[in-house]
Amino acid sequence: MKKTVAHAFVCLFIFLLYPGTSPLPAQAADKLPQPVLISSAGQSADVAIAGMLCKKLSLQAKSQPLAKPADLQGIGTLMVVSGFSTKGLGAAGVSKEQEMERVKALLDAAREKKIRVITLHIGGKARRGGQSDDFNRLAAEASERLIVVRTGDEDQFFSSLAAGKKIPIDLVDKISDAMQPLGKIF
Amino acid sequence: MPLFPIHRIRALLLLAAAAAACLYAGKEFRKMNAPDTILPGQGVSRIRALKDYFPNLEGTRSDSAVYFLESGRPGPTVLVLGGTHPNEPAGFLAAVALVESLRVKAGRLIVVPQACQSGFTCTDPLEGYPQSYSLRSRSRLRTFRFGSRAANPVEDWPDPIIYRHFPSGQQLSGNETRNLNRAYPGKSDGTTTEKTAFAIMKLIRDEKVNLAFDLHEAAPEIPIINAIVTHEKGRELAAGALLGLELENLPYALELSPPNFHGLSHREWGDGTPAIPFLLETTNPVQGRLRGRTGASLAVDGQDRQYRLAQESGRMRITYDAGGEPLARRVGRHLRAIQAVLETYNELHPEGRVELEGIPSYEEIIRNGVGSLLQ
Amino acid sequence: MLHWIYTAMAAWIAWLLLEELFEEKSWRIQVSLVLILIPLVLRILQIK
């Protein structure tokens, strides 16, 4: 009897140690680290909305639409909010080319520093096509997860890109629905 | 030859007919100078005028009523401006609805329903706009003038070829001289429109306005529709409001005010006063280039065959619902968006809240029509 | 000054039209003359 009980404990111990079978440690490993740096790719005002989502989720996050590689110091996750806005570029006082260079440099620096990157696309159709898609593609390809409001993926731009690169994607109906996947990953 | 041959008698008769036509046309035209009736509700504590902030406007077409809705309880001061562009009736009517139906329980509200009063005295040439439109309110049939985008051209005739904004020197087309939303911060010795802008800036400063709304509409083909445009200062409030509105199935876009585009309310109020400005846009088929017959019913019901066809074809990027864009929906959106911004403000500033009462929900406004908001 | 020149021109054209109206025998042309006269009268009286 004692032997059986001891075997059972050993089995349970091994079972718990094995990462693939124990749900708790696996979930913790999936969580993205904080603090979060929210930056833009294309200078749309959607960064402010992402900031508000993080605030509602009580995430430790700061918004810097024009973040530079140096701003990644001490950051756990870089959240890129993609979408182009001429008004936004005007407000930031940068050209499209300068913005593209900045985003590239930021994503490169994040990769070097092994900072995890996710992309949020919450602007729907208005932040798709034309100039927006250069930024959408750049940000999405450098990310390990995409969260996209469905109206921005009516032509499967993000889903096919995610399928091709094997990036997990969460398609949500509304901007506020993005809180669910965000809550899960942080 | 007789003194009155038949062709001369005919000439006299025709002249009499012409005189009658002149009389009728003149009378109709003069109606545009008759002020719209706004019936202040229980919530209005006092009425002032723009001339009280800038006496130079006294006796001019640009002086306009300023309604105060004060709770007597501490809280922020909120300014709502309607009728910056008098051909955008939803902005004007949303402001009138506030004056006639709102009660303020904390903080205070200042409403200027006809910011560009002069623009209500004429319509835009060659646009075929209706002179007025009517709505059945809670008690009667109410008729309001449908004005022009800009102030009356007689104010400072003729327009210059190029409009130079004061003080930036920014150059725009000459007809923008009369556009109130290109005139801020205004000029005390400038054009009539610059003087109006000057008075509004002074009102914002003198009354220590914390949050300021400028209500607008735009043609369905304009990209910035169902949008909140704000200054950097209002980014967080607008984002919070947008999320709240989205939960109620009222999607909005958020746009930031470009710092280099001068004269706009969301730029100059934000830069020149402590107020946090918001400009709200809804869709107005009357302003669209694609529209067909432009009567009073288009202004009220917002149903246009051409826009419906364009929407169905899917070939144009327009904001137009297949069921039309009635005033109830547009006014309802404005009122909900204002409340959503204020709700976010309350969340962020629990110590100094603004509390409003008496505005029906968006669904109720859609169900009962925009007239249900008016006395 | 421009205003008075404009008004004088409108009045002069209106007078010519009136003269023509009483001399003209064709009713079609008379109707056309009256139609042109209406906006000029409104201008001269500074109504519209």
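Residues numbered from 1 in each chain as written. Chains lettered and ligands numbered in written order. Predicted model: local features only at pLDDT ≥ 70, side-chain atom pairs only at ≥ 80, totals over all residues. Heavy atoms only, no water.

Let's talk about the overall build of chain B
Item 1. Helix and strand counts for chain B stand at nine helices and 14 strands.
Item 2. For 375 residues, the compact-globule estimate of 2.2 N^0.38 gives 21 Å, and chain B sits close to it at 22 Å.
Item 3. Each principal axis of the C-alpha distribution contributes one length, and for chain B these read about 95 × 50 × 40 Å.
Item 4. Taking all 375 residues of chain B together, 58% fall into the buried category.
Item 5. In chain B, of all internal contacts separated by at least 6 residues, the share reaching a separation of at least 24 is 73%.
Item 6. When the accessible surface of chain B is summed, it comes to about 15300 Å², and 53% of that surface belongs to carbon and sulfur atoms. (Helix = DSSP H or I, 4+ residues; strand = E, 2+ residues; numbered from the N terminus. Rg over C-alpha atoms; globule rule 2.2 N^0.38 Å. Buried < 20%, exposed > 50% of the residue type's maximum accessible area, 1.4 Å probe, protein only. Contact = heavy atoms within 4.5 Å. Areas by Shrake-Rupley, 256 points an atom, 1.4 Å probe, with all protein chains shown as cover.)

Some points on the interface of chain B and chain A
Item 1. Taken together, the contacts link 22 residues of chain B with 17 residues of chain A.
Item 2. Summing both partners gives a buried area of about 1700 Å² for chain B against chain A, and 64% of it is carried by carbon and sulfur.
Item 3. For chain B, the biggest contributors to the area lost against chain A are L243, E246 and L254 of chain B; these three give 30% of the whole.
Item 4. The interface formed by chain B and chain A holds two salt bridges in total.
Item 5. Its salt-bridge partner being K55 of chain A, residue E236 of chain B comes within 2.6 Å of it at the nearest N-O pair.
Item 6. Remark: the boundary between chain B and chain A carries five residue pairs in polar contact (both at pLDDT 80 or more).
Item 7. Here the residues of the side of chain B that touches chain A are counted per class, giving 11 nonpolar, five polar and six charged. (Buried area = accessible area lost by both parts, 1.4 Å probe. Salt bridge = Lys/Arg side-chain N within 4 Å of Asp/Glu carboxyl O. Polar contact = N/O pair within 3.5 Å; in protein donor to acceptor, adjacent residues only side chain to side chain. Nonpolar A, V, L, I, M, F, W, Y, C, P; charged D, E, K, R; others polar.)

Quick look at the environment of R330 of chain B
All names here are of chain B.
Item 1. The topology assignment puts R330 in helix α8 (residues 327–348).
Item 2. Residue classification places R330 among the buried residues on the basis of a relative accessible area of 1%.
Item 3. With sequence-adjacent residues up to four places away left out, R330 is seen in contact with P89, A90, E217, T282, T283, N284, P285, A299, G302 and E325.
Item 4. Polar side-chain contacts of R330 include one of 3.4 Å to the backbone oxygen of A299.

Description of empty space enclosed by the protein
All names here are of chain B.
Item 1. All chains considered together, the criterion is met by one cavity of 30 Å³ or more.
Item 2. Computed from the structure, the largest cavity encloses a volume of approximately 30 Å³.
Item 3. Around the largest cavity, the lining residues are S62, A115, C116, Q117, S118, A151, T192, T193 and T196.
Item 4. Its residues assigned to classes, the lining of the largest cavity shows three nonpolar, six polar and no charged. (1 Å grid on protein atoms, 1.4 Å probe; cavity = no way out; pocket = protein on both sides within 12 Å on 5 of 7 lines; lining within 4 Å. Points joined across faces, edges and corners; volume = space filled by probe spheres on them.)

Focus: the layout of surface pockets
Item 1. Taken as a whole, the second largest pocket encloses approximately 1300 Å³ of empty space.
Item 2. Contributing elements (two or more residues each) for the lining of the second largest pocket: α1 (6–31) of chain B together with α1 (2–23) and α2 (27–44) of chain C.
Item 3. Tallying contributions element by element places α1 of chain C first for the lining of the second largest pocket, with four residues.
Item 4. A breakdown of the residues in the lining of the second largest pocket according to their chemical character gives 13 nonpolar, eight polar and seven charged.

Some thoughts on the sheet that holds strand β12 (residues 253–256) of chain B
The strands that make up a sheet are held in pairs by hydrogen bonds between backbone atoms, and each pair lies either parallel or antiparallel.
Residues and elements named next belong to chain B.
Item 1. A sheet is described by the order of its strands in space; here eight strands give the open sequence β1-β2-β5-β3-β10-β13-β11-β12, paired in mixed fashion. Both edges of this open sheet fall to β1 (46–49) and β12, since each of them pairs with a single strand only. Going across the sheet, the axis of each strand differs from the next one's by a mean of 20°, ignoring polarity.
Item 2. The sheet contact formed by strand β11 (residues 227–230) and strand β13 (residues 276–283) spans four bridges and is antiparallel. Across the sheet, the residue bridging to T230 is F278, located in β13.
Item 3. Across the sheet, helix α4 (residues 235–247) lies against β10 (211–218), β11, β12 and β13, angled at about 170° from β12, the strand it touches most. (Pairing = 2+ DSSP bridges. Axes fitted to C-alpha atoms, helices over the stretch in contact; angles between N-to-C directions.)

Looking at the interface of chain C and chain B
Accessible area lost on assembly of the parts is the figure often given for the size of an interface.
Item 1. Across the contact, 18 residues belong to chain C and 14 residues belong to chain B.
Item 2. In total, chain C and chain B occlude about 1400 Å² of area from one another, counting both sides; carbon and sulfur atoms represent 73% of this.
Item 3. Between R8 of chain B and E23 of chain C there is a salt bridge whose closest N-O contact spans 3.1 Å.
Item 4. At the junction of chain C with chain B, the criterion picks out six residue pairs in polar contact (both at pLDDT 80 or more).
Item 5. Going through the elements one at a time, α1 and α2 of chain C are the ones with two or more residues in the side of chain C that touches chain B.
Item 6. A total of eight residues in the side of chain C that touches chain B trace back to one element, the largest contributor, which is α2 of chain C.
Item 7. For the side of chain C that touches chain B, the residue count by class is 11 nonpolar, three polar and four charged.

Overview of the state of the cysteines
Item 1. Summed over all chains, the structure comprises zero disulfides over all chains.
Item 2. With no disulfide of its own, C116 of chain B lies closest to C122 of chain B among cysteine sulfurs, the gap being 8.3 Å. (Disulfide = S-S within 2.5 Å.)

Looking at the packing of α1 of chain B against α2 of chain C
Item 1. The geometry of α1 of chain B relative to α2 of chain C is characterised by a closest axis approach of 9 Å and an angle of 35° between their N-to-C directions. Once α1 of chain B is placed against α2 of chain C, the crossing between them reads as right-handed. On α2 of chain C, the residues touching H7, R10, A11, L14, L15, A18, A21, C22, A25 and G26 of chain B of α1 of chain B are W27, Q30, V31, V34, L37, I38, V41 and L42 of chain C.
Item 2. Taken together, the residues of the contact of α1 of chain B with α2 of chain C sort by class into 14 nonpolar, three polar and one charged. (Left-handed = near helix turned anticlockwise from the far one by under 90°.)

Here's the deal with the domain arrangement of chain B
Item 1. We note that the domain assignment places domain 1 (1–31) and domain 2 (39–373) within chain B.
Item 2. Computed over C-alpha atoms, the centres of domain 1 of chain B and domain 2 of chain B are 44 Å apart. (Domains from an automatic or database assignment.)

A word on unusual backbone geometry
Item 1. At the junction of Q34 of chain A and P35 of chain A, the peptide bond is cis and its omega measures out at 0° in the coordinates.
Item 2. Relative to the helices and strands, P35 of chain A resides in the loop between α2 (23–30) and β1 (36–41).
Item 3. Following W157 of chain B, the chain continues into P158 of chain B via a peptide bond in cis, with omega recorded as -10°.
Item 4. The residue P158 of chain B is located in the loop between β7 (141–145) and β8 (162–164) in this model.

Details of the pattern of salt bridges
All names here are of chain B.
Item 1. For the coordinates displayed, the defined rule picks out 39 salt bridges over all chains.
Item 2. A salt bridge links E232 to R267, with the nearest nitrogen and oxygen atoms 2.7 Å apart. Of the two residues, E232 is situated in the loop between β11 and α4 and R267 in helix α5 (residues 265–272); the sequence distance between them amounts to 35 residues.
Item 3. Taking relative accessible area as the criterion, E232 reaches 36% and is therefore assigned partly exposed.
Item 4. Put simply, R329 and D321 hold a salt bridge, and the shortest N to O gap is 3.5 Å.
Item 5. Of the residues examined, D321 reaches a relative accessible area of 32% and is grouped as partly exposed.
Item 6. Connected through shared salt-bridge partners, R46, R48, K51, D52, E70, R108 and E207 make up one network.

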